[in-house]
Amino acid sequence: MSNGYLGFALHAHLPFVRHPEYEHFLEEDWLFEAISETYLPMLRMFNGLLADKVKFKITFSISPTLSAMLTDELLMTRYVRYLKNRIELGEKELERTRDNNQLQKTVNMYLHLFRENLEDFVITYRNNILWGFRNLEKEGVLDIITTASTHAFLPVFEEHPQAIEAQIQSAVISHGRNFGTKPRGFWLPECGYFPGLESCLKANNIDYFFVAAHGILLSEGKPQNGVYSPLELPNGISAFGQDFSLTEAVWSSDTGYPGDPVYREFYRDIGHDLPMEYIKPYIHEPDVRVNTGYKYYAVTGDTDDKILYNSELAMQKIDEHAEDFIQKHIDQAAKLEGLMDKVPFILTAYDAELFGHWWFEGIPWMEAVIRKVAGRENGLEMITAGEYLKKYPKNQVSVPSFSSWGNKGYSEVWLDGKNDWIYRHLHKAIDRMTELVYRYPNESGLKLRVLNQAAREVLLSMASDWPFIMKTGTTVPYAVKRIREHIHNFNYIYDNLRRNTVDTGWLTRIERKNNVFPDLDYTIFGEKNRES
Amino acid sequence: MTKDRLTQYSMFDLYKIAENEGVQYDITDGNRDELIEKILEALEEDKTERNLANNDAMKLKNTKYDILQDYELETQEKQNYTIPAKYNDTRIVLLLRDPLWAYTYWDINDGELRKMKEEIFFEGFFLRIFELEIKKSSKEDSYTKDNIIDYYDIPIDEKDDSWYINLGKTGRNFGIQLCSIMHGTVSVLSKSNLIKSPRGFVAEHIKDLSNDPDLMTVLMSGLWDYNNKGENIIPQRILSIMENQDLTL
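Residues numbered from 1 in each chain as written. Chains lettered and ligands numbered in written order. Predicted model: local features only at pLDDT ≥ 70, side-chain atom pairs only at ≥ 80, totals over all residues. Heavy atoms only, no water.

Engineer: So what's going on with the overall build of chain A? Residues and values would help.
Structural biologist: Along chain A, the regular secondary structure elements total 20 helices and 9 strands. Here chain A has a C-alpha radius of gyration of 24 Å; the compact-globule value for 532 residues is 24 Å, and the two agree. Taking all 532 residues of chain A together, 67% fall into the buried category. Taken as a whole, chain A presents about 18,300 Å² of accessible surface, with 49% of it coming from carbon and sulfur. Distance from the positive charge centre (58 side chains) to the negative charge centre (73 side chains) of chain A: 4 Å. (Helix = DSSP H or I, 4+ residues; strand = E, 2+ residues; numbered from the N terminus. Rg over C-alpha atoms; globule rule 2.2 N^0.38 Å. Buried < 20%, exposed > 50% of the residue type's maximum accessible area, 1.4 Å probe, protein only. Areas by Shrake-Rupley, 256 points an atom, 1.4 Å probe, with all protein chains shown as cover. Lys, Arg positive; Asp, Glu negative; His and termini not counted. Charge placed at Lys NZ, Arg CZ, Asp CG, Glu CD.)

Engineer: Give a detailed account of the pairing of strand 5 (residues 208–211) of chain A, specifying residues and quantitative values.
Structural biologist: Residue and element names in this part refer to chain A. Burial along strand 5 is two-sided: Y208 and F210 and F209 and V211, pointing in opposite directions, are all buried. Judged from the 2 bridges that link them, strand 4 (residues 185–187) and strand 5 form a sheet pairing that is parallel. Each bridged residue has a counterpart across the sheet, and for F186 the counterpart in strand 5 is F209. Looking at chain direction, strand 5 and strand 7 (residues 238–241) are connected through 4 bridges and run parallel. (Pairing = 2+ DSSP bridges.)

Engineer: Pulling in residues and values, what's your account of the nonpolar core?
Structural biologist: Of all hydrophobic cores here, the largest spans 227 residues; its most connected members are I58, F60, F355, W365 and M366 of chain A. Sorting elements by how many residues they give to this core places helix 1 (residues 29–51) of chain A first, with 12 residues. In this view, F60 of chain A contacts L10, A12, M42, F46, F133, L142, D143, I144, I145 and A352 of chain A; residues no more than four positions away in its chain are not counted. I17, A18, V23 and L40 of chain B belong to the second-largest nonpolar core, a separate cluster that totals 13 residues. (Core = buried A, V, L, I, M, F, W, Y, C linked by side-chain atoms within 4.5 Å. Contact = heavy atoms within 4.5 Å.)

Engineer: Quick one: what's the story with the domain arrangement of chain A, residue by residue and with numbers?
Structural biologist: All names here are of chain A. When the domains of chain A are assigned, the result is domain 1 (4–407) and domain 2 (422–531). Regarding the contact of domain 1 and domain 2, the summed buried area is about 2,800 Å², with carbon and sulfur atoms giving 63% of it. When the area that domain 1 buries against domain 2 is broken down by residue, the three leading residues are F16, T150 and Q162, summing to 22%. Put simply, domain 1 and domain 2 have 2 salt bridges between them. Note that R177 is salt-bridged to D519, the shortest N-O span being 2.4 Å. Our enumeration of links across domain 1 and domain 2 arrives at 13 residue pairs in polar contact (both at pLDDT 80 or more). Broken down by element, the residue count for the side of domain 1 that touches domain 2 peaks at 10 residues, all from helix 6 (residues 161–179). Split into classes, the residues belonging to the side of domain 1 that touches domain 2 amount to 15 nonpolar, 12 polar and 7 charged. (Domains from an automatic or database assignment. Buried area = accessible area lost by both parts, 1.4 Å probe. Salt bridge = Lys/Arg side-chain N within 4 Å of Asp/Glu carboxyl O. Polar contact = N/O pair within 3.5 Å; in protein donor to acceptor, adjacent residues only side chain to side chain. Nonpolar A, V, L, I, M, F, W, Y, C, P; charged D, E, K, R; others polar.)

Engineer: If you had to explain the environment of V23 of chain B to someone new, which residues and values would you point to?
Structural biologist: All names here are of chain B. Looking at the element boundaries, V23 is found in the loop between helix 2 (11–20) and helix 3 (32–52). A residue is classified by how much of its surface remains accessible, and V23, at 11% relative accessible area, is buried. C-alpha of V23 to C-alpha of L100: the two residues are 77 residues apart in sequence and 33 Å apart in space. If near-sequence neighbours (up to four positions away) are discounted, V23 is found in contact with A18, K38, I39 and A42.

Engineer: Could you give me a rundown of the interface of chain B and chain A, with the residues and numbers involved?
Structural biologist: On the chain A side, the residues contacting the 79 residues of chain B number 99 residues. Across the chain B/chain A interface, buried area totals approximately 8,000 Å², and carbon plus sulfur atoms make up 56% of it. Linking chain B with chain A are 7 salt bridges, by the criterion used here. A salt bridge links R424 of chain A to D161 of chain B; the shortest N-O distance between them is 3.5 Å. Joining chain B to chain A, the criterion identifies 24 residue pairs in polar contact (both at pLDDT 80 or more). Looking at the side of chain B that touches chain A, the elements with two or more residues in it are helix 3, helix 4 (56–62), strand 1 (91–98), strand 2 (101–107), strand 5 (162–166), helix 6 (203–209), helix 7 (213–219) and helix 8 (236–244) of chain B. Residues of the side of chain B that touches chain A, tallied by class, amount to 37 nonpolar, 18 polar and 24 charged.

Engineer: So, helix 5 (residues 130–138) of chain A: which residues are in play, and what are the values?
Structural biologist: Residue and element names in this part refer to chain A. Those residues of helix 5 that sit buried are L130, G132, F133, R134, L136 and E137. Those residues of helix 5 hidden inside the fold are in contact with helix 1, strand 2 (58–62), helix 2 (64–70), strand 3 (142–147) and helix 6. A positive phi of about 85° marks G140, the residue just after helix 5.

Engineer: Explain the pattern of salt bridges to me, and be specific about the residues and the numbers.
Structural biologist: Any two side chains of opposite charge can pair, given that their charged atoms come close. Counted under the stated rule, the structure contains 45 salt bridges over all chains. For R371 of chain A, the salt bridge goes to D52 of chain A, with nearest N and O atoms at 2.8 Å. Here the residue R371 of chain A occupies a position in helix 13 (residues 362–375), and D52 of chain A occupies one in the loop between helix 1 and strand 2, the gap between them amounting to 319 residues. Its relative accessible area of 47% is what places D52 of chain A among the partly exposed residues. K61 of chain B is the salt-bridge partner of D351 of chain A, the closest N and O atoms lying 2.7 Å from each other. Taken together, the residues span two chains, with D351 of chain A in strand 8 (residues 345–351) and K61 of chain B in helix 4. As far as the burial class goes, D351 of chain A and K61 of chain B line up, both buried. Taken together, the salt bridges that share partners define one network made up of E21, R482, E485 and K513 of chain A.

Engineer: So what about empty space enclosed by the protein? Which residues, and what values?
Structural biologist: Following the criterion strictly, the structure yields 5 cavities of 30 Å³ or more and no others. In this structure, the second largest cavity spans a volume of roughly 110 Å³. Forming the walls of the second largest cavity are 15 residues, and the residues nearest its centre are P155 and E158 of chain A together with L95, L96 and I195 of chain B. For the lining of the second largest cavity, the element with the most residues is strand 1 of chain B, which contributes 3 residues. When grouped by side-chain class, the residues that make up the lining of the second largest cavity number 10 nonpolar, 3 polar and 2 charged. (1 Å grid on protein atoms, 1.4 Å probe; cavity = no way out; pocket = protein on both sides within 12 Å on 5 of 7 lines; lining within 4 Å. Points joined across faces, edges and corners; volume = space filled by probe spheres on them.)

Engineer: Would you mind going over the side chain of E28 of chain A in detail, with residue names and values included?
Structural biologist: In this structure, E28 of chain A sits in the loop between strand 1 (4–12) and helix 1. Contact partners of E28 of chain A, with chain neighbours within four places excluded, come to V17, R18, H19, L75 and R78 of chain A.

See the structure below:
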């Protein structure tokens, strides 16, 4: 008999970054780092659990832009080049650190990681790791769901339902192409919800979505079970809320597990620490220092004087933290006993890249949690949100409140003095795209290509990543340029169509560069599509 | 960014960074070391400010993009993309930011603007912010006398094109009109969409449940281990409720 259900929801996403016009492109490393440190190690961990017949269930969201990049031949070829470069660096590092046993152990650990990645990527997955996730879904351990196609923060498009519909519909289509299934669940980008959004989700056969805890707590009705069972919206779809404290136990850099002094320090990387003449072949031209993935120090504490990383100490700490996480769930379930008419669903939801990339030990920690939950009679059981709804299809009817998991809980991160200038352009582009659908409802040939690319550019401009970066201050010039690029491309198409001209050479070049969602149908931006 | 890294930049680039960071400098001075120190100071302040302005979820998300750990002066992408500053139509748009704040942006058609300014009695522009009670479902007639609960005006300059509005009340409907005034007569140039600010308090729930502490605990679920270190984690309104109701532990 379960006293509580432990629900893990992971969200894997990166914006579409692909620059065939450059031999090496800095921001493509975002993807390569995430594959190396998160996606491949996570696949190995899940497959290891499966091989050991450990029972586990996880809801796993993979964004359409990430899927598009993970199946892109150019990017995946570049990833192999990236891995080989990292292996070469590791071999060089073994030589450089030969007099330091502690460092040698750490170098070997990374070298092993990169070699294992190369083998898995090329031999096991044949350059397409989506097959790995797809297989885990077939095995019944992952429930793969989708999110808005370019990860638009939807509340800022409330007045443009055709754009929200386009984001959701193209995501569901993309999911079908990549995973061969219809997603039941939907990850709202940044958990951004506003009342009314559910109608677009329902129109695309979505059964449930996730919101921040206060989205449930401030809902219209009295949320009798708090965040421990979903709310059923009047149109029949369900909203799950996240447990604040348990999510925070993993998130918090001050009080959470990842900040423990023995864990690996993210910010000390040899790409920044070693002399230029040595590290030059492994960073970007011209002499732009970047992370290499070789990080030799432990968190240590609030000091620049870091101690060397010791993986054995870190592994011991993982066990302690996994126990603590489980105990917190047990305590929570005990507090709720007798207060609910159903078994509580304790949901913790995270960005997948937190594990492995930021919190290096996060993946073995997750494995330890899963093995401990499965291996003991502790009243906890892992299930997915979808499974919970099958057990308890009837829930309290109410509507969540406008909310997000961003700073202070609303739109402040994506609508701020540093990024608010983008919205007049994005909204205008959406209006104009809808106008184009009205003017050209049924095109073919060259005009169809033009209109589909226009729709692609609008979707790409809506990505939440660009305003987020402008607000948080990392690679701002690139984020600004990306917004400008997509708005410029869209306006160029719009103006050409008004003049009834098509710049074929330009179009072909842009189609090759921004080649996301090859089967996109521009009419998804139409008002008619929305009404249907 | 380290001092070492800054010393590798040319003076020209240092000036650019200084400008981006709002650092005051005298171009005739040419004191490189002093400029670097000032930039470092500004960057450190900026970092602190950004840290305070983000919760843990956002800080962690940021690490996905943080491969440089350095100041990105310009992107590798060299192509320049021109976009218009405005679209030459008259309209105003209202976006909800949080329960108490909204953002509005507007445009005025060049021809209309020129015409108005040529009028001898033209006095200026202002925003009229309405609190509305939506009695009918159609948005078209929302600004009728019957629906208007209250309004106030904010004068704007011709050069302004956006504004943050303090709504002052939660759980209400709001709209904005972009207006001009000529010889004492107000003309509405454009009406915005309507927004509804969410209820920012669970106070009525707390009141309902005050005799049922168990149920209240469930309502606040997941918050009971919260301690006062994380002001940025929990929406301020929930935080104040928790503190007022002594729910912090």
